Amino acid sequence: MPAPPSPTVSPSQVPELLLNLATVRPVFLWGAPGIGKSSLVREFADSLALDCVSLIGTQLAPEDLIGVPQIVDGRSRFCPPETIAREEPYCLFLDELNAATPDVQKAFYSLILDRRIGSYELPPGSIVIGAGNRATDNALARPMASALVNRLAHVHLRASAADWLAWAAGAGIHPWITDHLTDRPDHLWSAPPKTEEPFSTPRAWHMLSDALHSFGPTLQEETLKVLAHGTLTPAHATAFCGYVKIVRHSYGLEAILKGDASWPRRIEDRDLLYYLADSFRGRLIKELPAQREHASPAVRQMAYRAKSLLVQLAEISVEVAQTVIADGDDDNPVLPSWFLLEAARDMPRLVEARR
(Lines give C-alpha, C1' and ligand atoms only; values in the text may rest on other atoms or scores of the structure.)
Protein backbone atom coordinates (compact mmCIF):
# COMPACT_ATOMS: atom_id res chain seq x y z
CA MET A 1 0.00 0.00 0.00
CA PRO A 2 1.57 3.35 -1.04
CA ALA A 3 2.41 5.85 1.66
CA PRO A 4 0.05 8.84 1.93
CA PRO A 5 1.38 12.06 0.36
CA SER A 6 3.31 14.43 2.60
CA PRO A 7 1.39 17.49 3.81
CA THR A 8 2.27 20.65 1.90
CA VAL A 9 2.49 24.33 2.76
CA SER A 10 1.82 27.41 0.66
CA PRO A 11 4.42 30.17 0.21
CA SER A 12 2.64 32.43 2.70
CA GLN A 13 3.07 29.76 5.41
CA VAL A 14 6.81 29.35 4.87
CA PRO A 15 8.19 32.43 6.75
CA GLU A 16 6.57 31.56 10.08
CA LEU A 17 7.50 27.90 9.66
CA LEU A 18 11.14 28.75 8.97
CA LEU A 19 11.24 31.29 11.80
CA ASN A 20 10.45 28.60 14.34
CA LEU A 21 12.15 25.66 12.65
CA ALA A 22 15.19 26.84 10.66
CA THR A 23 16.47 28.80 13.65
CA VAL A 24 16.91 25.57 15.61
CA ARG A 25 17.38 22.86 12.97
CA PRO A 26 18.49 22.70 9.31
CA VAL A 27 15.53 22.56 6.91
CA PHE A 28 15.08 21.17 3.42
CA LEU A 29 12.41 22.69 1.13
CA TRP A 30 10.99 20.32 -1.46
CA GLY A 31 9.04 21.63 -4.42
CA ALA A 32 8.55 21.65 -8.18
CA PRO A 33 10.78 23.84 -10.36
CA GLY A 34 9.85 27.50 -10.62
CA ILE A 35 7.48 27.85 -7.66
CA GLY A 36 9.70 30.24 -5.71
CA LYS A 37 11.80 28.17 -3.28
CA SER A 38 14.96 30.26 -3.74
CA SER A 39 13.10 33.58 -3.50
CA LEU A 40 11.39 32.50 -0.29
CA VAL A 41 14.70 31.62 1.35
CA ARG A 42 16.32 34.92 0.33
CA GLU A 43 13.31 36.91 1.56
CA PHE A 44 13.35 35.00 4.85
CA ALA A 45 17.06 35.77 5.33
CA ASP A 46 16.37 39.45 4.61
CA SER A 47 13.63 39.47 7.23
CA LEU A 48 16.22 38.36 9.80
CA ALA A 49 18.81 40.87 8.52
CA LEU A 50 21.10 37.98 7.55
CA ASP A 51 23.21 37.76 4.42
CA CYS A 52 22.08 34.85 2.24
CA VAL A 53 25.00 32.81 0.87
CA SER A 54 23.79 30.49 -1.90
CA LEU A 55 25.73 27.37 -2.85
CA ILE A 56 24.39 25.47 -5.85
CA GLY A 57 24.97 21.76 -5.42
CA THR A 58 25.29 20.98 -9.12
CA GLN A 59 28.11 23.52 -9.50
CA LEU A 60 30.29 22.30 -6.61
CA ALA A 61 33.06 19.79 -6.06
CA PRO A 62 33.87 18.45 -2.56
CA GLU A 63 37.01 20.61 -2.35
CA ASP A 64 34.88 23.71 -2.93
CA LEU A 65 33.45 23.12 0.54
CA ILE A 66 36.31 21.49 2.40
CA GLY A 67 38.81 24.00 1.06
CA VAL A 68 42.50 23.60 0.29
CA PRO A 69 45.17 22.39 2.74
CA GLN A 70 47.56 24.86 4.37
CA ILE A 71 50.70 24.00 6.36
CA VAL A 72 50.60 25.54 9.84
CA ASP A 73 53.36 24.66 12.32
CA GLY A 74 54.28 21.63 10.27
CA ARG A 75 50.72 20.34 10.10
CA SER A 76 48.15 20.54 7.34
CA ARG A 77 44.90 22.36 7.94
CA PHE A 78 42.04 22.73 5.49
CA CYS A 79 40.91 26.29 4.86
CA PRO A 80 37.26 26.60 3.81
CA PRO A 81 36.47 29.27 1.21
CA GLU A 82 35.81 32.80 2.45
CA THR A 83 32.28 32.59 1.07
CA ILE A 84 31.51 30.14 3.88
CA ALA A 85 34.08 31.08 6.52
CA ARG A 86 32.46 34.26 7.82
CA GLU A 87 32.67 35.84 11.22
CA GLU A 88 29.12 37.20 11.33
CA PRO A 89 26.01 34.96 11.37
CA TYR A 90 24.39 34.35 8.00
CA CYS A 91 21.93 32.12 6.13
CA LEU A 92 23.63 29.31 4.26
CA PHE A 93 21.33 28.27 1.40
CA LEU A 94 22.19 24.93 -0.17
CA ASP A 95 20.25 25.07 -3.43
CA GLU A 96 19.80 21.94 -5.58
CA LEU A 97 21.36 19.96 -2.74
CA ASN A 98 19.75 16.69 -3.81
CA ALA A 99 21.03 17.20 -7.37
CA ALA A 100 24.67 17.25 -6.19
CA THR A 101 26.93 14.24 -6.60
CA PRO A 102 27.15 11.80 -3.67
CA ASP A 103 30.65 13.10 -2.78
CA VAL A 104 29.37 16.68 -2.58
CA GLN A 105 26.38 15.58 -0.51
CA LYS A 106 28.76 13.83 1.90
CA ALA A 107 30.83 17.01 2.16
CA PHE A 108 27.72 18.76 3.46
CA TYR A 109 27.10 16.28 6.28
CA SER A 110 29.15 17.95 9.00
CA LEU A 111 28.16 21.42 7.83
CA ILE A 112 24.47 20.53 8.12
CA LEU A 113 24.50 18.54 11.34
CA ASP A 114 27.55 19.81 13.24
CA ARG A 115 27.57 23.28 11.65
CA ARG A 116 31.29 23.04 10.93
CA ILE A 117 33.76 22.40 8.10
CA GLY A 118 37.12 21.24 9.35
CA SER A 119 38.11 23.60 12.16
CA TYR A 120 35.66 26.31 11.04
CA GLU A 121 32.32 26.53 12.84
CA LEU A 122 29.32 28.54 11.70
CA PRO A 123 28.83 31.64 13.87
CA PRO A 124 26.02 31.44 16.45
CA GLY A 125 22.76 32.66 14.94
CA SER A 126 23.50 31.23 11.49
CA ILE A 127 20.86 29.10 9.79
CA VAL A 128 21.14 26.34 7.18
CA ILE A 129 18.41 25.75 4.60
CA GLY A 130 18.51 23.36 1.65
CA ALA A 131 16.15 23.11 -1.32
CA GLY A 132 15.60 20.86 -4.28
CA ASN A 133 13.18 19.41 -6.79
CA ARG A 134 11.46 16.08 -6.49
CA ALA A 135 12.30 13.14 -8.72
CA THR A 136 8.67 13.15 -9.88
CA ASP A 137 9.17 16.65 -11.35
CA ASN A 138 11.29 15.31 -14.24
CA ALA A 139 14.11 17.48 -12.89
CA LEU A 140 17.68 16.57 -12.04
CA ALA A 141 17.53 14.87 -8.65
CA ARG A 142 19.67 12.17 -7.08
CA PRO A 143 18.63 9.91 -4.21
CA MET A 144 19.60 11.36 -0.85
CA ALA A 145 21.52 9.06 1.47
CA SER A 146 19.56 8.21 4.58
CA ALA A 147 22.28 9.85 6.69
CA LEU A 148 21.65 13.18 4.90
CA VAL A 149 17.85 12.82 4.94
CA ASN A 150 17.98 12.27 8.69
CA ARG A 151 20.01 15.43 9.22
CA LEU A 152 17.25 17.70 7.88
CA ALA A 153 13.66 18.67 8.70
CA HIS A 154 11.67 18.33 5.45
CA VAL A 155 9.01 20.79 4.26
CA HIS A 156 7.01 20.29 1.05
CA LEU A 157 6.01 23.44 -0.81
CA ARG A 158 3.09 23.82 -3.21
CA ALA A 159 2.26 26.60 -5.64
CA SER A 160 -0.54 28.93 -4.51
CA ALA A 161 -2.29 31.26 -6.93
CA ALA A 162 -3.71 33.36 -4.08
CA ASP A 163 -0.26 33.87 -2.56
CA TRP A 164 1.37 34.61 -5.91
CA LEU A 165 -1.29 37.09 -6.98
CA ALA A 166 -1.02 38.89 -3.63
CA TRP A 167 2.73 39.16 -4.20
CA ALA A 168 2.32 40.13 -7.86
CA ALA A 169 0.13 43.10 -6.94
CA GLY A 170 3.12 44.89 -5.47
CA ALA A 171 5.82 43.42 -7.69
CA GLY A 172 5.00 45.12 -10.98
CA ILE A 173 3.69 42.00 -12.72
CA HIS A 174 1.99 42.93 -16.00
CA PRO A 175 -1.76 43.55 -15.49
CA TRP A 176 -2.67 41.22 -18.38
CA ILE A 177 -1.10 38.39 -16.40
CA THR A 178 -2.59 39.24 -13.01
CA ASP A 179 -6.06 39.74 -14.51
CA HIS A 180 -5.87 36.51 -16.50
CA LEU A 181 -4.65 34.43 -13.56
CA THR A 182 -7.32 35.94 -11.33
CA ASP A 183 -9.84 34.37 -13.72
CA ARG A 184 -7.78 31.20 -14.30
CA PRO A 185 -5.74 30.51 -11.14
CA ASP A 186 -5.38 26.90 -12.28
CA HIS A 187 -3.06 28.14 -15.03
CA LEU A 188 -0.40 29.40 -12.60
CA TRP A 189 1.36 26.03 -12.44
CA SER A 190 1.38 22.81 -14.38
CA ALA A 191 3.30 19.61 -13.81
CA PRO A 192 6.65 19.46 -15.64
CA PRO A 193 6.23 17.56 -18.92
CA LYS A 194 8.23 14.50 -19.86
CA THR A 195 9.31 16.20 -23.08
CA GLU A 196 11.57 19.23 -23.49
CA GLU A 197 9.02 22.02 -23.72
CA PRO A 198 8.08 25.06 -21.64
CA PHE A 199 5.61 24.67 -18.80
CA SER A 200 3.73 27.12 -16.59
CA THR A 201 5.18 28.08 -13.21
CA PRO A 202 5.21 31.30 -11.17
CA ARG A 203 8.74 31.84 -12.50
CA ALA A 204 7.56 31.38 -16.10
CA TRP A 205 4.74 33.90 -15.68
CA HIS A 206 7.23 36.34 -14.15
CA MET A 207 9.51 35.91 -17.18
CA LEU A 208 6.58 36.53 -19.51
CA SER A 209 5.66 39.65 -17.53
CA ASP A 210 9.20 41.01 -17.93
CA ALA A 211 8.99 40.39 -21.67
CA LEU A 212 5.60 42.11 -21.98
CA HIS A 213 6.92 45.16 -20.15
CA SER A 214 10.00 45.18 -22.37
CA PHE A 215 8.03 45.13 -25.63
CA GLY A 216 5.46 47.63 -24.40
CA PRO A 217 1.99 48.40 -25.76
CA THR A 218 3.07 48.10 -29.41
CA LEU A 219 3.65 44.35 -28.99
CA GLN A 220 2.46 42.54 -32.12
CA GLU A 221 0.09 39.59 -31.90
CA GLU A 222 2.54 37.17 -33.53
CA THR A 223 5.29 38.24 -31.13
CA LEU A 224 2.95 37.72 -28.19
CA LYS A 225 2.37 34.14 -29.36
CA VAL A 226 6.12 33.53 -29.55
CA LEU A 227 6.59 34.88 -26.02
CA ALA A 228 3.67 32.99 -24.49
CA HIS A 229 4.51 29.68 -26.15
CA GLY A 230 8.15 30.17 -25.24
CA THR A 231 7.41 30.35 -21.51
CA LEU A 232 4.12 28.57 -20.75
CA THR A 233 2.38 25.23 -21.12
CA PRO A 234 0.98 25.20 -24.70
CA ALA A 235 -2.67 25.16 -23.62
CA HIS A 236 -2.07 27.98 -21.15
CA ALA A 237 -0.20 30.01 -23.77
CA THR A 238 -3.13 29.67 -26.18
CA ALA A 239 -5.60 30.70 -23.49
CA PHE A 240 -3.51 33.71 -22.49
CA CYS A 241 -3.18 34.91 -26.09
CA GLY A 242 -6.94 34.59 -26.47
CA TYR A 243 -7.45 36.61 -23.30
CA VAL A 244 -5.15 39.38 -24.51
CA LYS A 245 -7.01 39.52 -27.80
CA ILE A 246 -10.27 39.99 -25.88
CA VAL A 247 -8.71 42.77 -23.79
CA ARG A 248 -7.40 44.53 -26.86
CA HIS A 249 -10.55 44.21 -28.97
CA SER A 250 -13.30 44.17 -26.33
CA TYR A 251 -14.49 40.81 -27.63
CA GLY A 252 -16.17 38.89 -24.82
CA LEU A 253 -18.26 35.83 -24.05
CA GLU A 254 -21.18 37.94 -22.80
CA ALA A 255 -21.74 39.35 -26.30
CA ILE A 256 -21.87 35.81 -27.72
CA LEU A 257 -24.28 34.59 -25.04
CA LYS A 258 -26.59 37.53 -25.71
CA GLY A 259 -26.44 37.01 -29.48
CA ASP A 260 -24.72 40.34 -30.10
CA ALA A 261 -21.66 38.57 -31.51
CA SER A 262 -20.80 35.17 -32.97
CA TRP A 263 -17.91 32.76 -32.49
CA PRO A 264 -14.78 33.98 -34.30
CA ARG A 265 -14.31 31.95 -37.49
CA ARG A 266 -10.94 33.10 -38.83
CA ILE A 267 -8.08 30.62 -38.60
CA GLU A 268 -5.87 33.36 -37.16
CA ASP A 269 -8.41 33.75 -34.31
CA ARG A 270 -8.23 30.09 -33.26
CA ASP A 271 -6.50 30.99 -29.97
CA LEU A 272 -9.37 33.37 -29.23
CA LEU A 273 -11.87 30.64 -30.09
CA TYR A 274 -10.20 28.23 -27.65
CA TYR A 275 -10.23 30.85 -24.92
CA LEU A 276 -13.90 31.70 -25.44
CA ALA A 277 -14.83 28.02 -25.53
CA ASP A 278 -12.97 27.43 -22.26
CA SER A 279 -14.75 30.40 -20.68
CA PHE A 280 -18.06 29.03 -22.02
CA ARG A 281 -17.34 25.67 -20.39
CA GLY A 282 -16.55 27.39 -17.10
CA ARG A 283 -19.83 29.30 -17.24
CA LEU A 284 -21.82 26.10 -17.82
CA ILE A 285 -20.05 24.29 -14.98
CA LYS A 286 -20.83 27.18 -12.66
CA GLU A 287 -24.47 27.82 -13.57
CA LEU A 288 -26.04 24.49 -14.59
CA PRO A 289 -27.44 22.55 -11.60
CA ALA A 290 -26.85 18.82 -11.21
CA GLN A 291 -30.61 18.11 -11.58
CA ARG A 292 -32.71 19.62 -14.36
CA GLU A 293 -35.69 20.15 -12.08
CA HIS A 294 -33.58 22.49 -9.96
CA ALA A 295 -32.97 24.80 -12.90
CA SER A 296 -34.85 28.09 -12.89
CA PRO A 297 -36.60 29.25 -16.07
CA ALA A 298 -33.70 31.62 -16.73
CA VAL A 299 -31.16 28.80 -16.38
CA ARG A 300 -33.20 26.55 -18.68
CA GLN A 301 -33.25 29.32 -21.24
CA MET A 302 -29.51 29.66 -20.87
CA ALA A 303 -29.09 25.89 -21.36
CA TYR A 304 -31.18 26.05 -24.53
CA ARG A 305 -29.04 28.91 -25.79
CA ALA A 306 -25.90 26.97 -24.84
CA LYS A 307 -26.92 23.99 -26.99
CA SER A 308 -27.46 26.31 -29.92
CA LEU A 309 -24.04 27.85 -29.37
CA LEU A 310 -22.47 24.39 -29.19
CA VAL A 311 -23.95 23.56 -32.59
CA GLN A 312 -22.53 26.77 -34.02
CA LEU A 313 -19.16 26.08 -32.41
CA ALA A 314 -19.07 22.54 -33.80
CA GLU A 315 -19.68 23.92 -37.30
CA ILE A 316 -16.45 25.89 -36.94
CA SER A 317 -14.44 23.20 -35.12
CA VAL A 318 -15.65 19.91 -33.67
CA GLU A 319 -12.39 19.71 -31.72
CA VAL A 320 -12.96 23.05 -29.98
CA ALA A 321 -16.62 22.26 -29.29
CA GLN A 322 -15.62 18.93 -27.81
CA THR A 323 -13.46 20.69 -25.21
CA VAL A 324 -16.59 22.35 -23.82
CA ILE A 325 -18.26 19.06 -22.88
CA ALA A 326 -15.10 17.02 -22.24
CA ASP A 327 -14.72 14.99 -19.05
CA GLY A 328 -12.52 16.25 -16.24
CA ASP A 329 -8.99 15.12 -15.44
CA ASP A 330 -10.42 12.18 -13.48
CA ASP A 331 -12.33 11.01 -16.61
CA ASN A 332 -15.66 11.84 -14.98
CA PRO A 333 -18.17 14.26 -16.55
CA VAL A 334 -18.06 17.80 -15.21
CA LEU A 335 -21.27 18.98 -16.86
CA PRO A 336 -24.67 17.71 -15.62
CA SER A 337 -25.84 14.46 -17.19
CA TRP A 338 -29.21 15.97 -18.19
CA PHE A 339 -27.47 18.65 -20.23
CA LEU A 340 -25.16 16.10 -21.88
CA LEU A 341 -28.16 13.90 -22.78
CA GLU A 342 -29.92 16.84 -24.39
CA ALA A 343 -26.72 17.75 -26.20
CA ALA A 344 -26.48 14.16 -27.46
CA ARG A 345 -29.92 14.43 -29.05
CA ASP A 346 -29.02 17.67 -30.80
CA MET A 347 -25.41 16.86 -31.63
CA PRO A 348 -24.76 13.11 -31.81
CA ARG A 349 -21.59 13.71 -33.83
CA LEU A 350 -20.14 15.93 -31.12
CA VAL A 351 -20.92 13.48 -28.33
CA GLU A 352 -19.40 10.63 -30.32
CA ALA A 353 -16.21 12.69 -30.66
CA ARG A 354 -16.22 13.17 -26.89
CA ARG A 355 -16.06 9.42 -26.41
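Fair warning: this is a prediction, and the values are worked out from it, not measured in the lab. (Residues numbered from 1 in each chain as written. Predicted model: local features only at pLDDT ≥ 70, side-chain atom pairs only at ≥ 80, totals over all residues. Heavy atoms only, no water.)

Participant: Tell me about the overall build of the protein, and please be specific about residues and values.
Facilitator: A tally of regular secondary structure across the protein gives 16 helices and ten strands. The C-alpha radius of gyration computed for the protein amounts to 26 Å, which surpasses the reference 20 Å derived for 355 residues by more than 25%, pointing to a less compact arrangement than a globule. Contacts in the protein between residues at least 24 apart in sequence constitute 72% of all its contacts with a sequence separation of at least 6. Accessible area for the protein stands at about 18,900 Å²; split by element, carbon and sulfur atoms hold 53% of it. (Helix = DSSP H or I, 4+ residues; strand = E, 2+ residues; numbered from the N terminus. Rg over C-alpha atoms; globule rule 2.2 N^0.38 Å. Contact = heavy atoms within 4.5 Å. Areas by Shrake-Rupley, 256 points an atom, 1.4 Å probe, with all protein chains shown as cover.)

Participant: Help me get a handle on the packing of helix 9 (residues 221–229) against helix 10 (residues 234–249), residues and values and all.
Facilitator: One can describe the packing of helix 9 onto helix 10 by two numbers: an axis separation of 9 Å at closest approach and a directional angle of 150 degrees. Every pair of crossing elements has a handedness; the one defined by helix 9 and helix 10 is right-handed. Contacts between helix 9 and helix 10 pair Glu221, Leu224, Lys225, Ala228 and His229 from the former with Pro234, Ala237, Thr238, Phe240, Cys241, Val244, Lys245 and Arg248 from the latter. Here the residues of the contact of helix 9 with helix 10 are counted per class, giving seven nonpolar, two polar and four charged. (Axes fitted to C-alpha atoms, helices over the stretch in contact; angles between N-to-C directions. Left-handed = near helix turned anticlockwise from the far one by under 90°. Nonpolar A, V, L, I, M, F, W, Y, C, P; charged D, E, K, R; others polar.)

Participant: Break down the nonpolar core for me, citing the residues and quoting the values.
Facilitator: In this structure, Phe240, Trp263 and Phe280 are the most contacted members of the largest nonpolar core, which totals 56 residues. Here Phe280 is in contact with Leu253, Leu257, Trp263, Ala306, Leu309, Leu310 and Val324, once residues within four sequence places are set aside. Ranked by size, the runner-up nonpolar core spans 25 residues in total, among them Val53, Val104, Phe108 and Val128. (Core = buried A, V, L, I, M, F, W, Y, C linked by side-chain atoms within 4.5 Å. Buried < 20%, exposed > 50% of the residue type's maximum accessible area, 1.4 Å probe, protein only.)

Participant: Residues and numbers for the sheet that holds strand 10 (residues 153–157), please.
Facilitator: Pairing is parallel in the open sheet, where six strands are placed in the order 1-10-2-9-6-3. In this open sheet, the two strands that pair with only one neighbour each are strand 1 (8–9) and strand 3 (52–56). Sheet strands touched by helix 1 (residues 14–21): strand 1, strand 2 (27–30), strand 9 (127–132) and strand 10. Its angle to strand 10, the strand with the most contacts, is close to 175 degrees. Along the sheet, helix 4 (residues 102–113) makes contact with strand 3, strand 6 (91–95) and strand 9, crossing strand 6 at roughly 150 degrees. (Pairing = 2+ DSSP bridges.)

Participant: Outline the pattern of salt bridges, listing residues and values.
Facilitator: This model, assessed by the stated rule, comprises 15 salt bridges. With a closest N to O distance of 2.9 Å, Asp269 and Arg266 form a salt bridge. A residue is classified by how much of its surface remains accessible, and Arg266, at 48% relative accessible area, is partly exposed. Measuring nitrogen to oxygen at the nearest pair gives 2.7 Å for the salt bridge that ties Arg292 to Glu342. Here Arg292 is found in the loop between helix 12 (270–287) and helix 13 (297–316), whereas its partner Glu342 is found in helix 15 (residues 337–346), with 50 residues between them in sequence. Look at Glu342 and you get buried, because its relative accessible area is 8%. It is possible to trace a salt-bridge network through shared partners that takes in Glu221, Glu222, Lys225, Lys245, Arg266, Glu268, Asp269 and Asp271. (Salt bridge = Lys/Arg side-chain N within 4 Å of Asp/Glu carboxyl O.)

Participant: Break down the packing of helix 7 (residues 175–183) against helix 8 (residues 202–215) for me, with residues and values.
Facilitator: Between helix 7 and helix 8, the least distance of the axes is 9 Å, while the angle of their chain directions is 140 degrees. What the angle tells us is that helix 7 and helix 8 run oblique. Listed contacts from helix 8 to Trp176, Ile177, His180 and Leu181 of helix 7 are Trp205, Leu208, Ser209 and Leu212. A breakdown of the residues in the contact of helix 7 with helix 8 according to their chemical character gives six nonpolar, two polar and no charged. (Parallel < 35°, antiparallel > 145°, perpendicular 65-115°, else oblique.)

Participant: Requested: an account of the pairing of strand 6, with residues and values cited.
Facilitator: Counting buried positions over the five residues of strand 6 gives five, a clear majority of the element. Neither face of strand 6 is exposed, since Cys91, Phe93 and Asp95 on one face and Leu92 and Leu94 on the opposite face are all buried. In terms of strand pairing, strand 3 meets strand 6 through five bridges, oriented parallel. Note that in strand 6 the partner of Ile56 across the bridge is Asp95.

Participant: I'd like to hear about the confidence of the model for the protein, residue by residue, with values.
Facilitator: Across the protein, the average pLDDT comes to 87, with 90% of residues at 70 or higher. By mean pLDDT, the top-scoring element of the protein is helix 8 (96), and the lowest-scoring one is helix 16 (residues 348–354) (55). (pLDDT = per-residue confidence, 0-100.)

Participant: An account of the side chain of Ser209 is needed here, citing residue identities and associated values.
Facilitator: Looking at where Ser209 falls in the secondary structure, it is placed in helix 8. Excluding anything up to four places from it in sequence, Ser209 contacts Gly172, Ile173, His174 and Ile177.

Participant: Quick one: what's the story with the environment of Ala211, residue by residue and with numbers?
Facilitator: Tracing the chain through its elements places Ala211 in helix 8. By relative accessible area, Ala211 is classed as buried at 17%. Taking the C-alpha atoms as reference, Ala211 lies 9.5 Å from Ala228; in sequence the two are 17 residues apart.

Participant: Tell me about the packing of aromatic side chains, and please be specific about residues and values.
Facilitator: Aromatic ring pairs: the centre-centre distance and the angle between the two ring planes describe each pair. A full pass over the atoms with the stated rule returns six aromatic pairs. Where Trp205 meets Phe240, the ring centres are 5.6 Å apart and the plane angle is 80 degrees; that geometry is what we call edge-to-face. With Trp205 in helix 8 and Phe240 in helix 10, the pair connects residues that are 35 residues apart, well separated along the chain. Comparing Trp205 with Phe240 shows no difference in burial state: the two are buried. Over the face of the ring belonging to Tyr90 we find Arg86, whose NZ or CZ atom lies 5.6 Å from the ring centre. (Phe/Tyr/Trp six-rings, centres within 6.5 Å; stacked < 30°, edge-to-face > 60°. Lys NZ or Arg CZ within 6 Å of the ring centre and 35° of its normal.)

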